[in-house]
Amino acid sequence: MSEATAQTTAPAAASAAAVLAVPRSGWHVATVASTRRETPNAARIELEVDGWPGNAAGQHLDVRLTAPDGYTATRSYSIASSGTGTHVTLAVDKLPDGEVSPYLVDEVRAGDMLEVHGPLGAFFVWAPDAAAAGDPAADATRDTRPVQLIAGGSGVVPLFAMAAAHDAAEDPTPFRLLYSVRSPDDVYFADALRRLAAASASLQLDLVYTRRAPEGWPSPPARITRDVLEAAVIPAAERPRVFVCGSTGFVERVADWLVELGHDARSIRTERYGGT
Ligand SMILES: Cc1cc2nc3c(=O)[nH]c(=O)nc-3n(C[C@H](O)[C@H](O)[C@H](O)COP(=O)(O)OP(=O)(O)OC[C@H]3O[C@@H](n4cnc5c(N)ncnc54)[C@H](O)[C@@H]3O)c2cc1C
């Protein structure tokens, strides 16, 4: 988006009633298969994407909305699903003053069409261990280090894709997720995460509540501190691969603390969603 169009006020894109149905170069037409409330402030959007090549766990795509006057607004969204096939799952948090997210959360309905570009991003991805999947040639490059996922709010979306892919592949790599949320109502993919965590070989789940904790929770609500982080992540001595995702402020704080705690900066991969 150019400087000029970026300054156009929010309703232009939010009122995008008609979205172009003809794919442009590099873009796909996605039909909304269904939407549902993910949390009180977020929606899960299931897409059928014409010509989608499939995606790895952790990748994202760009969504472009086009208003009837031609004004466009493009935003990135992580993909909560992975694998081959043309079905893509997104989960979008509504920023009250946002240009695009209120439209996606409140207005989009089954049957609507959106333009999407992707899959994007090759760095913030996790793939099942090829050796464990029966490819002996992969033994030499096998990475058996445990995986620590750290999410703030909607930053759990790509990490959920990784945890689900890990479970589906029955990959033996230890997986742990530290997930910071405002309240129990704000947990994305709550049922699926509970299921993955119940099969403890699949995922160890640690939740931190910042505003309201469930009844009987052992600690009062509070933001993640360096001490909480240290207690709830795989120790640096085990050399985990770490994926951190959330608002820019959250990611930068956590990444700094991880390095202070002795984690190798080269093993920390981050995805920043914006904001402070
Ligand atoms: C790679 C990538 C993947 C992403 N995946 C997801 C996802 O899966 N789900 C999701 O909900 N969002 C995701 N985002 C964020 C998304 O791209 C948008 O930034 C977000 O939806 C806000 O867009 P908007 O048009 O509603 O707000 P804007 O109109 O762009 O911004 C409104 C105001 O909110 C501030 N702001 C922008 N982003 C944030 C933020 N993340 N937190 C706090 N304040 C912010 C802006 O500075 C501005 O003041 C991702 C971002 C990136 C870069």
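The structure this text deals with has already been given above.
About the criteria used
The residue numbers shown here count from 1 along each chain, following its written sequence. The model is predicted, so local features are restricted to residues of pLDDT at least 70 and side-chain atom pairs to those at 80 or more, both for listing and for counting; the totals for chains, interfaces and linings are taken over all residues. Hydrogens are left out, water is left out, and the side-chain values use all remaining heavy atoms of the structure. Following DSSP output, two strands are said to pair if at least two bridges run between them. Segments assigned H or I by DSSP are reported as helices when at least four residues long, segments assigned E as strands when at least two residues long, and all are numbered from the N terminus. To get an axis, fit a line to the C-alpha atoms, keeping to the stretch in contact for a helix; angles then go from 0 to 180 degrees between the N-to-C directions. We call two residues in contact when some of their heavy atoms are within 4.5 Å. Throughout, the term near means that a residue has one or more heavy atoms lying within 4 Å of the molecule or strand in question. Identification of polar contacts relies on pairs of N or O atoms within 3.5 Å, with a donor-acceptor requirement for protein atoms, meaning one able to donate a hydrogen and the other able to accept it, and with residues adjacent in sequence counted only if both atoms are side-chain atoms. Using the Shrake-Rupley algorithm and a 1.4 Å probe, accessible areas are obtained, with residue cover drawn only from the displayed protein chains. Put simply, the grid is 1 Å and covers the protein atoms alone, a cavity is a trapped set of points that fit a 1.4 Å probe, a pocket is an open set with protein on both sides within 12 Å along at least five of seven lines, and lining residues have an atom within 4 Å of a point. For a cavity or pocket, the test is whether more than half of a molecule's atoms lie within 2 Å of its grid points; if they do, the molecule sits there. Three residue categories are used. Nonpolar comprises Ala, Val, Leu, Ile, Met, Phe, Trp, Tyr, Cys and Pro, charged comprises Asp, Glu, Lys and Arg, and polar comprises the others, including Gly. A simple rule labels every residue: compare its accessible area, found with a 1.4 Å probe on the protein chains alone, to the largest value its type can have, and call it buried under 20%, exposed over 50%, or partly exposed in between. Along the arc lie the directions from the helix axis toward the C-beta atoms. Any carboxyl oxygen of Asp or Glu within 4 Å of a side-chain nitrogen of Lys or Arg constitutes a salt bridge here. Grid points are joined across faces, edges and corners, and a volume is the space filled by probe spheres set on the points.

### Some remarks on the sheet that holds strand S7 (residues 147–152)
For step 1, the next point in the chain: Spatial ordering of the open sheet is given by S9-S8-S7-S10-S11, a layout of five strands whose pairing is parallel. Looking at strand neighbours, the two that pair on one side only are strand S9 (204–209) and strand S11 (268–272), the edges of this open sheet. The sheet shows a mean angle of 10° between the axes of neighbouring strands, direction not considered.
For step 2, the next point in the chain: Judged from the five bridges that link them, strand S10 (residues 241–246) and S11 form a sheet pairing that is parallel. Of the residues in S11, the one forming a bridge with Gly 246 is Arg 272.
For step 3, the next point in the chain: Against the sheet, helix H4 (residues 156–168) contacts S7, strand S8 (175–181) and S10, and its axis sits at roughly 150° relative to S7.

### Things to note about the site of the ligand
For step 1, the next point in the chain: Not every one of the 22 residues close to the ligand is listed here, only the nearest: Arg 75, Ser 76, Tyr 77, Asp 93 and Ser 101.
For step 2, the next point in the chain: A distance of 2.6 Å separates an oxygen atom of the ligand from a polar backbone atom of Ser 76.
For step 3, the next point in the chain: Contacts to the ligand include Ser 78, whose backbone N or O atom sits 3.0 Å from a nitrogen atom.
For step 4, the next point in the chain: When the free accessible area of the ligand is taken as 920 Å², the share hidden by the protein chains comes to 71%.
For step 5, the next point in the chain: A majority-of-atoms criterion places the ligand in the largest pocket.
For step 6, the next point in the chain: Of all the elements in the fold, those that place two or more residues in the shell around the ligand are strand S4 (72–78), strand S5 (87–93), helix H3 (101–107) and S11.
For step 7, the next point in the chain: The greatest single-element share of the shell around the ligand, amounting to four residues, is contributed by S4.
For step 8, the next point in the chain: Among the residues making up the shell around the ligand, the classes are represented as eight nonpolar, eight polar and six charged.

### Section: the pairing of strand S6 (residues 113–120)
For step 1, the next point in the chain: For strand S1 (residues 28–39) and S6, the ladder comprises four bridges, and the chain directions are antiparallel. The partner of Thr 31 across the bridge, within S6, is Met 113.
For step 2, the next point in the chain: Bridge count between strand S3 (residues 60–66) and S6: four bridges; the pairing is antiparallel. Bridged to Arg 64 within S6 is Glu 115.

### Focus on helix H5 (residues 190–198)
For step 1, the next point in the chain: Of the residues making up H5, those classed as buried are Ala 192, Leu 193 and Leu 196. Summarising the axial view, the buried residues of H5 lie within an arc of 100°, below the 170-degree limit, and thus occupy one face. What points out from H5, more than 90 degrees from its buried face, is the exposed set Asp 191, Arg 194, Arg 195 and Ala 198.
For step 2, the next point in the chain: On its buried side, H5 packs onto H4, S8 and S9.

### Examining the sheet that holds S5
For step 1, the next point in the chain: The antiparallel open sheet is built from six strands, whose spatial order is S4-S3-S6-S1-S2-S5. The open sheet has two free edges, formed respectively by S4 and S5, since each of these has just one partner strand. Strand-to-strand twist in this sheet, taken as the mean axis angle between neighbours without regard to direction, amounts to 40°.

### Examining the pattern of salt bridges
For step 1, the next point in the chain: Enumeration according to the criterion identifies eleven salt bridges in this entry.
For step 2, the next point in the chain: Of the charged contacts in the structure, one is a salt bridge between Lys 94 and Asp 106, with a shortest N-O distance of 2.8 Å. Here Lys 94, found in the loop between S5 and H3, pairs with Asp 106, found in helix H3; they are twelve residues apart in sequence, far enough to count as distant.
For step 3, the next point in the chain: Lys 94 gets classed as partly exposed once you look at its relative accessible area, which sits at 22%.
For step 4, the next point in the chain: By relative accessible area, Asp 106 is classed as partly exposed at 24%.

### Comments concerning the layout of surface pockets
For step 1, the next point in the chain: In this structure, the largest pocket spans a volume of roughly 1,200 Å³.
For step 2, the next point in the chain: Along the wall of the largest pocket there are 42 residues; nearest its centre are Asp 93, Gly 152, Ser 154, Gly 246 and Ser 247.
For step 3, the next point in the chain: For the lining of the largest pocket, the secondary structure elements donating two or more residues are S4, S5, S8, helix H7 (248–260) and S11.
For step 4, the next point in the chain: In the lining of the largest pocket, the residues fall into 13 nonpolar, 19 polar and ten charged.
For step 5, the next point in the chain: For the second largest pocket, the calculated volume is near 190 Å³.
For step 6, the next point in the chain: In this structure, the second largest pocket is lined by 15 residues; those nearest its centre are Leu 207, Val 208, Trp 217, Ser 219 and Val 228.
For step 7, the next point in the chain: Looking at the lining of the second largest pocket, the elements with two or more residues in it are S9 and helix H6 (226–232).

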